[in-house]
Amino acid sequence: SEMCIRDRGLGLWLKKSFLAKFPRRNEWVELEHGRVAVLHLDGEHGALDIYCIYLDTQSSEARQNSMKLIADHMSHHTQALSVMAGDFNFVEFTEDRWNLSAGEYSGGNNNNGADAEKFSNLLRTPFAFHEWDQPHYTHEDGKARSRLDRMYINQHISYQFDHHCSCNVLDWDKDLSSHRPIVFSRKTPKPKLPGDKPLNPNIFGKMAGKRG
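Here is a short report on the structure shown in this document. (Residues numbered from 1 in each chain as written. Predicted model: local features only at pLDDT ≥ 70, side-chain atom pairs only at ≥ 80, totals over all residues. Heavy atoms only, no water.)

**Regarding helix H2 (residues 60–73)**
What counts here: Each helix corresponds to a stretch of at least 4 residues labelled H or I by DSSP, and each strand to a stretch of at least 2 residues labelled E; elements are numbered beginning at the N terminus. Each helix should span, by expectation, one fewer than its residue count multiplied by 1.5 Å. Contact between two residues is taken to exist if any of their heavy atoms lie within 4.5 Å; hydrogens are not considered. Polar contacts, as used here, are pairs of N or O atoms within 3.5 Å; protein pairs need one atom able to donate a hydrogen and one able to accept it. Residues neighboring in sequence count only if both atoms are side-chain atoms.
Taking 1.5 Å of rise per residue, the 14 residues of H2 would be expected to cover 20 Å, and the 20 Å separating its terminal C-alpha atoms lies within 8% of that figure. Tucked inside the fold, the buried residues of H2 contact strand S3 (25–32), strand S4 (36–43), strand S5 (46–54), strand S6 (81–87) and helix H3 (112–124). The N-cap of H2, judged by a side-chain oxygen 3.3 Å from the amide nitrogen of glutamate 61 a few residues on, is serine 59.

**A word on the nonpolar core**
Rules: Within this scheme, the nonpolar core is defined by two criteria: the residues are buried Ala, Val, Leu, Ile, Met, Phe, Trp, Tyr or Cys, and they are joined through side-chain atoms within 4.5 Å. When accessible area is computed with a 1.4 Å probe and restricted to protein chains, residues below 20% of their type maximum are described as buried, those above 50% as exposed, and intermediate ones as partly exposed.
In this structure, Met84 and Leu123 are the most contacted members of the largest nonpolar core, which totals 21 residues. At the level of elements, S3, S4, S5, H2 and H3 are the ones that each hand at least two residues to this core. The dominant element in this core, judged by the number of residues it contributes, is H3, at four residues. Those residues in contact with methionine 84 that sit more than four places away from it in its chain are Tyr51, Ile53, Ile70, Met74, Phe119, Leu123, Phe129, Arg150, Met151 and Tyr152. Core analysis: the next-biggest nonpolar cluster, separate from the first, contains 20 residues, Phe22, Leu39, Ala85 and Val169 among them.

**A few points about the sheet that holds strand S8 (residues 104–105)**
For clarity, the cut-off: Two strands pair if DSSP finds at least two bridges between them.
If you trace the four strands from one edge of the open sheet to the other, you get S8-S7-S11-S10, paired in antiparallel fashion. What marks the edges here is a single partner per strand, and that holds for S8 and strand S10 (139–140). Bridge analysis of strand S7 (residues 97–99) against S8 gives two bridges, and the strand direction is antiparallel. Bridge pairing in S8 links tryptophan 98 to tyrosine 105.

**So, the packing of aromatic side chains**
For the record, the criterion: Here a Phe, Tyr or Trp ring, Trp counted by its six-membered ring, pairs with any other such ring whose centre lies within 6.5 Å, and the pair is stacked when the planes are under 30 degrees apart, edge-to-face when over 60, and tilted otherwise. Two conditions define a charge located above a ring, namely a distance within 6 Å from the ring centre to NZ of Lys or CZ of Arg, and an angle within 35 degrees of the ring normal.
In the structure shown here, the tally under the stated rule is seven aromatic pairs. Measuring from centroid to centroid gives 5.3 Å for phenylalanine 88 and tyrosine 152, while their planes differ by 80°, and the two rings are edge-to-face. Of this pair, phenylalanine 88 sits in the loop between S6 and S7 while tyrosine 152 sits in strand S12 (residues 149–153), and the two are 64 residues apart along the sequence. Tyrosine 152 matches phenylalanine 88 in its accessibility class, with the two residues each being buried. Among the aromatic side chains, those forming a connected cluster through ring pairs are Phe88, Phe90, Phe119 and Tyr152. Positioned over the ring face of tyrosine 54 is arginine 35, at 4.7 Å from the centre of the ring. Above the plane of the ring of phenylalanine 90 lies arginine 150, whose end atom (NZ or CZ) is 5.0 Å from the centre.

Given below as C-alpha cells:
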C-alpha cells in the first residue's frame, strides 16, 4: 500500500512499508508554504531527511531567502542523510541552459550566477551535498531549455562502491507540464548467485590458440 504526503505545490508519494522502517520519527514539516517542506525520518538504520523544493520562479531574492531557510533547518551530514529534490528555478552552470533562438549556452545570464553562488555557500559546501547528475534538460519555455529540476544528496562517496546510484529523466508530456520528471534511486545490489562468476581469461587464451 502507498500514501501521499502533500502540500500546495509539494508532495511525496511513499510506500507504507518504507515509512515503517523509521518508527522513531515520521514528521512532515512545511518550512515555507508551497515552496519548501521536509519529511524527517528516523529508525534503527539511521535518520533520513527528504526536502521537497519549489523555489520562486521570478525573484532571485526570494530563492535565496528560501535557501537560507533550508540551511537554518538542515541537519549536519553526520547526523542525517539528506536529500533535496525539486524545481530550483535557477541553474548552476552555463551549460545547464540552452537558448533556442541564439543557439548557445546561457546558464550564466541573469541572476543564475548569484543564486548558484549562494546555493554553494549555504548548502552545497557546508552540508557536503553533491548532485546526482543527469545531462538532460528538464524544462522548456519556448525560449530555452534548462536543467531546473535536480536532485542533491549528502551521502559519503564510499556508498558508490557497493550501491547502485542513479538519476535520470522521464519523457516529456507537455500537455501536462513544461517540466519533465526526474527519477533517482539508491539500491543495494542483490547477492550474487554461485553461478554468477566472471569469465575466466584462460578461456579466451585457449580460443585464440585454436584459431591460430
